[in-house]
Amino acid sequence: METTVATTTPEGDVWGGGNQPLRASYGKMMMWFFIVSDALTFSGFLAAYGFSRFKFVNAWPIADEVFTHFPFLHGVPAPMFYVAFMTFVLIFSSVTMVLAVDAGHKMQQSKVAMYMFLTIIGGAIFVGSQAWEWATFIKGDYGAVETRGGKILQFLDTEGSRVAIGSFAQPMQSTAIEHQESNGVWFMGGNEQTSYNLEEVTAGFLANDNLLIRTQYLDENGHPTVLSREASIAKIKKDGKLVVEGANLKRNEYGHPLFADFFFFITGFHGFHVFSGVMINIIIFFNVVIGTYERRKSYEMVEKVGLYWHFVDLVWVFVFTFFYLV
Amino acid sequence: MGHHEHSLAIFRGRLKFKTIEQKIWGVFIFLSIITIVEVVFGIIKPESLMVPFISSFEGGFMATMANIFLSPFIFMKPLNLIFIVLTIVKAYYITWDFMHMRDEKKALRRMVVWTAIFLICYLVLILLVEGDYIFEVYKNNYIKFDF
């Protein structure tokens, strides 16, 4: 064996611990290893999303019809615009981060501080936007009826545009008695209350001749199937079970509940990463301001937290594609 | 750690920048253009890109092989293929220029990138094939339980 080992350097230099075969410091290399493992975690989530979507590929919600809102533009359908804005914010905060890293290499303390500050602002805007996106998704849009088989029926007028259940339901004196804390030993909360119950929606639907039902199933052109008036009436009478408004982990007015589950889980996990990134950036920002890295004569901590921040941006690029585009 | 050289060229040396700041802004503009293209395609969804380019081959072994090798063009909508390719391009420039992978040693680069790419491709292949199989079972529903 000894003959095959190159002996140009003394053994101590190679194995003594002082040398860097990959020319990266311990901390930076460990950050890369963490990023690889975290990338595999996110890939696991996205691949699981793909698995579930392929299972129900002919009944999956169309993202364009789900995320159509933009703040302050009420009633104006703006599919994709808000998430495009969020993507730009995150890419831009990546740019300020990499500028901070570069200023750190040049030992320019005040520039690093300024760019770190801008990165933190960008991250905060992104997390806030994600909270708004969640709130809009949870609140819902038009409302729908869930069938006994757990499928979603949505309402259209004869021109093919969506109709909100609130605009045609006929309010009645409610006959349902809500289960309350006062008459239950183990009160776990009642069913979620919707603004109208199934009876009211059905009565309104039967009274309006221009309403049709759209099912979750996509036809060969990729559009949800619209039933005829007769079929619609038969469907809601025979299969209707309850009214769904908005989305949560059990029900989803936009379509398959798994879509909502994965949306909450993946964007939530990503949002948690952004939030942690902002927190870490704040810590590093204060260290820059009080001159810790000036005294250390190295801004490598900024570079390491920068790697994490860019990784968060990288994950968003994939989440954006697979949740909103594809 | 130590200051190593930054490479200032992108697109395989076709576009060279004078300073590192200029390269960062150049990459930012490039990523922005890609994102705008994605959003525009996502809103318009051109009809011509919504059906696969070629239909699947019928026949024996060679047809099956052709279907496998050309699967992105046979079984995917061209629009989705474009989105995925653009996403990978974006991921490349984020990793290479923002995360400075371009300036790392080849061994570190391969350790990170090849490991991730291999494991992700493997996992995605397995899960998507299985998902498609379950879809077929639900659709044809001649197996109720043992699948």
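Residues numbered from 1 in each chain as written. Chains lettered and ligands numbered in written order. Predicted model: local features only at pLDDT ≥ 70, side-chain atom pairs only at ≥ 80, totals over all residues. Heavy atoms only, no water.

**Student:** Can you lay out the pairing of strand β1 (residues 144–147) of chain A for me, pointing to particular residues and giving the numbers?
**Tutor:** All names here are of chain A. By the alternation rule, side chains of β1 split into Ala144 and Glu146 and Val145 and Thr147, which are all buried. As judged from the four bridges shared by β1 and strand β5 (residues 240–244), these two strands associate in the antiparallel manner. If you follow valine 145 over to β5, its bridge partner there is valine 243. Where β1 lies against strand β2 (residues 152–157), two bridges are found, and the strand directions are antiparallel. Note on β2: the bridge partner recorded for glutamate 146 is isoleucine 152. Hairpin geometry of β1 and β2 is characterised by an intervening segment of four residues between the two adjacent antiparallel strands and by a positive phi of about 85° at glycine 150. (Buried < 20%, exposed > 50% of the residue type's maximum accessible area, 1.4 Å probe, protein only. Helix = DSSP H or I, 4+ residues; strand = E, 2+ residues; numbered from the N terminus. Pairing = 2+ DSSP bridges.)

**Student:** Tell me about a nonpolar patch on the surface, and please be specific about residues and values.
**Tutor:** All names here are of chain A. On the surface, Phe85, Met114, Phe117, Leu118, Ile121 and Ile125 cluster together to form a nonpolar patch covering roughly 510 Å² of accessible area. Considering every element that reaches the nonpolar patch, the biggest residue donor is helix α5 (residues 109–139), with five residues. Tracing the backbone shows isoleucine 121 in helix α5. We classify isoleucine 121 as partly exposed; its relative accessible area is 38%. (Patch = residues over 30% accessible without salt bridge, like charges linked within 9 Å, V, L, I, M, F, W, Y side chains within 5 Å. Areas by Shrake-Rupley, 256 points an atom, 1.4 Å probe, with all protein chains shown as cover. Salt bridge = Lys/Arg side-chain N within 4 Å of Asp/Glu carboxyl O.)

**Student:** Can you tell me about helix α4 (residues 78–98) of chain B, naming the residues and giving the values?
**Tutor:** An α-helix turns once every 3.6 residues. As a result, residues three or four positions apart point the same way. Residue and element names in this part refer to chain B. Taking 1.5 Å of rise per residue, 21 residues should cover 30 Å, and α4 covers 29 Å from first to last C-alpha, within 8% of that figure. Counting buried residues along α4, 15 of its 21 residues qualify, which places the element largely inside the surrounding structure. Of the residues one or two after α4, histidine 100 is the one with positive phi, at around 60°. (Expected span 1.5 Å × (residues − 1).)

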